[in-house]
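Coordinate analysis (summary)
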2 protein chains.
Amino acid sequence: MKELVERIRQQGKVLRNGILKVDGFINHQVDPLLMDVCGRELARRFAHIGATKVLTAEISGIAPAVMTALHLGIPVVYARKTKPVTMPDTVLLTVAPSHTKGVMTELIVSPEYLGNGERVLIIDDFLASGATIFGLVRLAQAAGATIVGIGTLIEKSFEGGRALLAPLGVPIESLAIIQSMEDGQILFVEE
Amino acid sequence: MKELVERIRQQGKVLRNGILKVDGFINHQVDPLLMDVCGRELARRFAHIGATKVLTAEISGIAPAVMTALHLGIPVVYARKTKPVTMPDTVLLTVAPSHTKGVMTELIVSPEYLGNGERVLIIDDFLASGATIFGLVRLAQAAGATIVGIGTLIEKSFEGGRALLAPLGVPIESLAIIQSMEDGQILFVEE
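Not measured: the values here are computed from a predicted model.

Parameters at a glance
- Residues numbered from 1 in each chain as written.
- Chains lettered and ligands numbered in written order.
- Predicted model: local features only at pLDDT ≥ 70, side-chain atom pairs only at ≥ 80, totals over all residues.
- Heavy atoms only, no water.
- Pairing = 2+ DSSP bridges.
- Helix = DSSP H or I, 4+ residues; strand = E, 2+ residues; numbered from the N terminus.
- Buried < 20%, exposed > 50% of the residue type's maximum accessible area, 1.4 Å probe, protein only.
- pLDDT = per-residue confidence, 0-100.
- Polar contact = N/O pair within 3.5 Å; in protein donor to acceptor, adjacent residues only side chain to side chain.
- Contact = heavy atoms within 4.5 Å.
- Right-handed = clockwise from strand over helix to strand, strands pointing away.
- Least-squares fit on C-alpha atoms with pLDDT ≥ 70 in both.
- Buried area = accessible area lost by both parts, 1.4 Å probe.
- Salt bridge = Lys/Arg side-chain N within 4 Å of Asp/Glu carboxyl O.
- Nonpolar A, V, L, I, M, F, W, Y, C, P; charged D, E, K, R; others polar.
- Phe/Tyr/Trp six-rings, centres within 6.5 Å; stacked < 30°, edge-to-face > 60°.
- Lys NZ or Arg CZ within 6 Å of the ring centre and 35° of its normal.
- Patch = residues over 30% accessible without salt bridge, like charges linked within 9 Å, V, L, I, M, F, W, Y side chains within 5 Å.
- Areas by Shrake-Rupley, 256 points an atom, 1.4 Å probe, with all protein chains shown as cover.
- Axes fitted to C-alpha atoms, helices over the stretch in contact; angles between N-to-C directions.
- Core = buried A, V, L, I, M, F, W, Y, C linked by side-chain atoms within 4.5 Å.

**Description of the pairing of strand β10 (residues 172-180) of chain A**
All names here are of chain A. Here strand β9 (residues 146-156) pairs with β10 via six bridges, running parallel. Along β10, the bridge assignment pairs K156 with I178. Note that β10 and strand β11 (residues 187-188) share two bridges and pair antiparallel. Bridge pairing links S180 to L187 in β11.

Here you go:
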């Protein structure tokens, strides 16, 4: 999507270890107008799949997921990384490696809000190795829900996430697809 | 605000320790349409204060803050609880007690996105003791910014937060104000 690709070109920074810094408009400071445009576009691409719920992971998935859910008119659930006291004693929990933190993090969902028969659209900020999204897939499947689509803002196609998720057989959409970040140069896959 | 008060009446639950559970529409599952209405109303109430940035704390402040910022047309910064690798080495950090977790949590903002001359509107999900919001106030002041308003979805007026923040001399707006939750009964301050 042109608006997002342009913003990454202008403000994205390649850090060491292959991390793309987009803290100025997605991950720490958020541009809500850009997120609204991105959510509208993801909602358009997934309008036909009959999703009943959006699922994401805290923290940086929340803004794009809420905007996508707004334009689809369905609720969004964000998996928590720590279990708050408001959650029931028994929850759904899985672990996934965190790309930017270098540790394993927990992903926790209350069975109150993700259940049998739900049709789940997973939305996140990044599709890189796919590990976090695959964790969300496991949570949804453990809840008895069906995954019907996966959407992200930015995909790093050279990290293999799409291949990991392809066996699910659901549409995978990313608004900006990066094919390489060598020498700090961001190369996009042309739409 | 009528829509929010009604939703709390229908789905809010008073847990032990005076915690109000609103996990079904704000804190774990989010109703994006309700958040949009709340954000629009907060934006209306703060339309005149000339805010240049919304500041909130991860995690549950993000949805209402992004929606408020969307309707004001300004960026939102969410204070992080752990420092990601994308942040510079030197950051603004304060600590505040977490009401629902019973521990001290860190609130971290990068000076890249909060600086001298900014006019900051703080938005959060709850105003209870005011400790988290006061932490955000300290961060903004340390950055050289000016606090121009404080808005929350739900205020528990019996926990003293408003009195703590009143000396700032800025408008404080909450969309639903609860005066008591004794015996599990939620009593609202009438608008």
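**Some words on helix α4 (residues 62-72) of chain B**
Residue and element names in this part refer to chain B. Buried residues dominate α4, accounting for nine of its eleven residues. Within the sequence span of α4, burial applies to I62, A63, P64, A65, V66, M67, T68, A69 and L70. Just downstream of α4, G73 is the residue with a positive phi angle, here 70°.

**Looking at the confidence of the model for chain A**
Detailed reading of predicted coordinates is not advised where the pLDDT is low. On average, residues of chain A score 96 in pLDDT, and 98% of them are at 70 or above. The complex prediction reports pTM at 0.97, with the ipTM value standing at 0.96.

**Digging into the side chain of A:K21**
Among the secondary structure elements, A:K21 is positioned in strand β2 (residues 19-21). Among the polar contacts listed, one links the side chain of A:K21 to the backbone oxygen of B:T86, at a separation of 3.0 Å. If we ignore the near neighbours within four places in the chain, the residues touching A:K21 are A:Q11, A:G12, A:K13, A:L15, B:T86, B:P88, B:E112 and B:Y113.

**With respect to the pairing of strand β4 (residues 53-57) of chain B**
All names here are of chain B. Across the five residues of β4, five count as buried, placing the element largely inside the fold. Note: β4 against strand β5 (residues 76-79), four bridges, orientation parallel. Paired with L55 across the strands is V77, a residue of β5. Remark: the β4/α4/β5 crossover connection has right-handed handedness.

**Details of the relation of the copies chain A and chain B**
Turning chain A through 180° and shifting it by 0.0 Å along the axis lays it on chain B, with an RMSD of 0.0 Å. Viewed as a symmetry operation, the transformation between the two copies matches a two-fold axis. Looking at chain A, 100% of its interface residues are interface residues in chain B too, so the copies touch through the same face.

**Quick look at the interface of chain A and chain B**
Listed by partner, the interface residues are 43 residues for chain A and 43 residues for chain B. For the pair chain A and chain B, the summed buried surface comes to about 3700 Å²; carbon and sulfur atoms form 63% of the total. On the surface where chain A and chain B come into contact, there are two salt bridges. On inspection of chain A and its partner chain B, the count reaches 20 residue pairs in polar contact (both at pLDDT 80 or more). Residue assignment for the side of chain A that touches chain B shows that the elements contributing at least two residues are β2, α2 (23-27), β3 (29-30), α3 (32-45), α4 (62-72), β5 (76-79) and β7 (104-109) of chain A. It is α4(A) that contributes the most residues to the side of chain A that touches chain B, six residues altogether. The residue inventory of the side of chain A that touches chain B, partitioned by class, reads 25 nonpolar, ten polar and eight charged. In this structure, β3(A) lies alongside β5(B), joined through two bridges in antiparallel fashion. Residue pairing in the sheet places A:V30 in a bridge with B:V76 of β5(B).

**Details of the packing of aromatic side chains**
Inspection of the entire model under this criterion finds zero aromatic pairs over all chains. We note A:R7 situated over the ring of A:F25; from NZ or CZ to the ring centre the distance is 5.5 Å.

**Focus on a nonpolar patch on the surface**
Together, A:L93, A:V95 and A:M104 line one region of the surface with nonpolar side chains, adding up to about 280 Å² of accessible area. By the secondary structure assignment, A:V95 is in strand β6 (residues 92-97).

**Some remarks on the sheet that holds β4(B)**
Within the open sheet, the seven strands sit side by side as β3(A)-β5(B)-β4(B)-β8(B)-β9(B)-β10(B)-β11(B). Their pairing is mixed. Whereas interior strands pair on both sides, the edge strands pair on one side only; in this sheet they are β3 of chain A together with β11 (187-188) of chain B. Note: strand β8 (residues 119-127) of chain B against strand β9 (residues 146-156) of chain B, eight bridges, orientation parallel. Paired with B:I122 across the bridge in β9(B) is B:I150. Docked against the sheet, helix α3 (residues 32-45) of chain B engages β8, β9 and β10 (172-180) of chain B, running at close to 115° with respect to β10(B).

**Examining the environment of B:V54**
Residues and elements named next belong to chain B. Relative to the helices and strands, V54 resides in strand β4. With 30 residues separating them along the chain, V54 and G24 place their C-alpha atoms 25 Å apart. If near-sequence neighbours (up to four positions away) are discounted, V54 is found in contact with A65, A69, L72, I74, P75, V76, V77, L121 and I123.

**Section: the nonpolar core**
Within the largest apolar cluster, 80 residues are counted, with the highest numbers of intra-cluster contacts made by A:L4, A:I154, B:L4 and B:I154. With near-sequence residues (within four places) excluded, A:I154 lies in contact with A:L4, A:I8, A:L20, A:V22, A:I26, A:D125, A:F126, A:L127, A:A176 and A:I178.

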